[in-house]
Amino acid sequence: MVESKAEKAEVGREDVEADKENMDVEEPAADAPMKVFTVEILRLIKDMQLQHGLRHGDFQRYRGYCSRRVKRLRKTLNLPQGDRRHYKKRNVTLANLEKPNSDERFLHIPLMLAERTWSYAMQLRQESNTEPRKRFHLIEKLRKSCVYALQLQDLCASERCDARTKLEAEAYSAWIHGSLHFELGLWQSAAENLKKAQVIYENLAQAMPEEEQTVYRAKVEELQPSLRYCAYNVGENASVNDLLEMRGQAGLLGNLSHLVAQTKAESMEAFQMMEWRGRSVTVRPEKVRLFLLSIQELGRSLEKAKDYPAKIEMLESVLLDCKDAIAAIKDEIKQDPKLRQPAAGEAGGPAGGGLIGIQYLLAYMSYTRLKLTLERNLFLVAQAKLTLDDPNVAEKTPLASGGGKKTKPQDLSRLYEIILQNVTEMQQLGGMEHDAAYQAEMEQLALSFRAFRCYYIAITLVAMKRWREAVAMYERSRKYASDASSSKTPCKDFDLRGELKQLIATIEGCKFSAHAYSVLEDDTADDTVLFGKSQKSSKPLYERLSHYKEDATLNSRNPNVFKLIPEMEPIPAKPLFFDLALNFVDFPSLDDKIEQKGSTGKGATAGMSGFVKGLFGWGGGGASK
């Protein structure tokens, strides 16, 4: 079941490849310059091997793929070997490459034939452990692979191929011959061929951009054990370095240095190189290259802009292009699954950690977007400061240029809050978390903008007459500005040290001014109490001897110096004393106040007691009488 799924997936991939190969090739014009082919042989065969069986050591599956690929190439390029009844061998020749409508896929045919015979030989090598007779078949297949490799080398030696293709074809042929001699036990010639391939791959790795060096360095490491085994079999008396030194042997590598230099020049012309924080990366996406070319003159364009709104509009248009370039990089990463995760064990640059080239390019483009956004916000701050420092500017400036509205200090504090959010995004940039120098620069930048934000918050508090809070914010702003100025790692793109020094000098005066206003406010509060509308509620002189105030009432006939007659104060009574004295109090007679309803007799003698009894509910019988 697993094998069937793998076969279905492989058939699907081959269908996609067939569709690509069957695409019509545009015929060049008659006066068009000669097209130079570039075939990345090592990368091409490594990708095919990993996708078609060699990831699991299945050489038979890879051999079948190579056969089908050759058949598709011959059909697409119209290079059949006879018809259904007759077979006529047709190899790829220089005439096929020199045609005006020639295609680089002609070079793929001998390459795939060499790979097919090599994979067959490796399959026989596995089976020869139990069947020794298959070793003879193995040698024959390797010999045939050498024939196809030499054919590929001769084709690539023409003028239609660039220097990189020539070097790769020569290294591939040397590796195939070294493998054959290794199986035959010809240790010295095997070592020479393998060392030749290793030297070429080492030089190619040095000439290529960083993200393309991995495959060549891996091949160099792959050849190392075979070279050590050859050196062991050659003998201990022979020096391996002297025996295998390729540059000293006349005619063996010949123009290696010339080809390597030509390869470097061609790679620089073909792809734009981007350098950031000590690491260079090749820029492959077309949109990214166009964007990087467009921003080279951005600084001069901003200087020529007449006012801040024009600069802001220019930066916003550049930001749109930057977002499109970032989207192009992300699409390229999505299309290639190998680019989604950093390569295991890959050594990154000094600032890149373990990021591969395309991911490091994405980090640089994200940083560029945030930097442009930060510059746009700083222009907004500069525009707002114009109306804050001089309110008359807002009235004179038209609305189209950002005028007509006075700026408040809290508006600037909000802008600096947005800028701090941009700096936080810079600190959290993917792949830059472990770069200590980068993080130190971002921390210094954050401290600088925190100082400006606290300064404008303090101005807002001053307008609200909250003097103590304003003094505290001034002090915090001064501390942030001092720490940012004394930092040993200032940000290279935003050098704010001059503005910070000016801010520190401004804060010193503002802080003392706020402190003086706070003292005056306390005195004014006392004046309100002392010289309010109601003179009767003012304090006398003896209660405010510690405060000097010019009081004109002191020279009048009624100076408010001291109150001779103390004011009446309520004194708490003692109810227990009056309760005891009640027993000895003689109340006056109230007979004349009571209305006499009847004659004097029994009813009259009842007097006060009858009234009390009737009031509290007892003596009801007497009352009814």
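Up top you'll find the structure we're talking about.
The sections below set out a description of the structure shown in this document. (Residues numbered from 1 in each chain as written. Predicted model: local features only at pLDDT ≥ 70, side-chain atom pairs only at ≥ 80, totals over all residues. Heavy atoms only, no water.)

1. A word on the overall build of the protein chain
Here is step 1: From N to C terminus, the protein chain includes 23 helices and 2 strands.
Here is step 2: Looking at the 625 residues of the protein chain, the share that counts as buried comes to 38%. (Helix = DSSP H or I, 4+ residues; strand = E, 2+ residues; numbered from the N terminus. Buried < 20%, exposed > 50% of the residue type's maximum accessible area, 1.4 Å probe, protein only.)

2. Observations concerning the packing of helix H2 (residues 41–51) against helix H9 (residues 213–234)
Here is step 1: As a packed pair, H2 and H9 sit with axes 10 Å apart at the nearest point and diverge in direction by 80°. Between H2 and H9, the angle is such that the two are roughly perpendicular. Here H2 contributes Leu42, Arg43 and Lys46 to the contact with H9, which in turn contributes Val215, Tyr216, Lys219 and Glu222.
Here is step 2: Each residue belonging to the contact of H2 with H9 can be placed in one class, and the counts come to 3 nonpolar, no polar and 4 charged. (Axes fitted to C-alpha atoms, helices over the stretch in contact; angles between N-to-C directions. Parallel < 35°, antiparallel > 145°, perpendicular 65-115°, else oblique. Contact = heavy atoms within 4.5 Å. Nonpolar A, V, L, I, M, F, W, Y, C, P; charged D, E, K, R; others polar.)

3. Description of the packing of aromatic side chains
How two aromatic rings sit relative to each other is given by the distance of their centres and the angle of their planes.
Here is step 1: Using the criterion set out here, one finds 20 aromatic pairs in the structure.
Here is step 2: When the centroid spacing of 5.5 Å and the interplanar angle of 55° are considered together, the rings of Trp276 and Tyr364 count as tilted. With Trp276 in strand S1 (residues 272–276) and Tyr364 in helix H15 (residues 357–389), this pair connects stretches of sequence that are 88 residues apart.
Here is step 3: Residue class for Tyr364 comes out buried when judged on its relative accessible area of 15%. (Phe/Tyr/Trp six-rings, centres within 6.5 Å; stacked < 30°, edge-to-face > 60°.)

4. Thoughts on unusual backbone geometry
Here is step 1: Within the chain, Asn78 stands out as a residue other than glycine whose phi angle is a positive 60°.
Here is step 2: Relative to the helices and strands, Asn78 is located in the loop between helix H3 (59–76) and helix H4 (94–97).
Here is step 3: Of the residues examined, Asn78 reaches a relative accessible area of 61% and is grouped as exposed.
Here is step 4: Positive phi values are uncommon outside glycine, yet Lys465 reaches one of about 60°.
Here is step 5: Mapped onto the elements, Lys465 comes out in the loop between helix H18 (436–463) and helix H19 (467–485).

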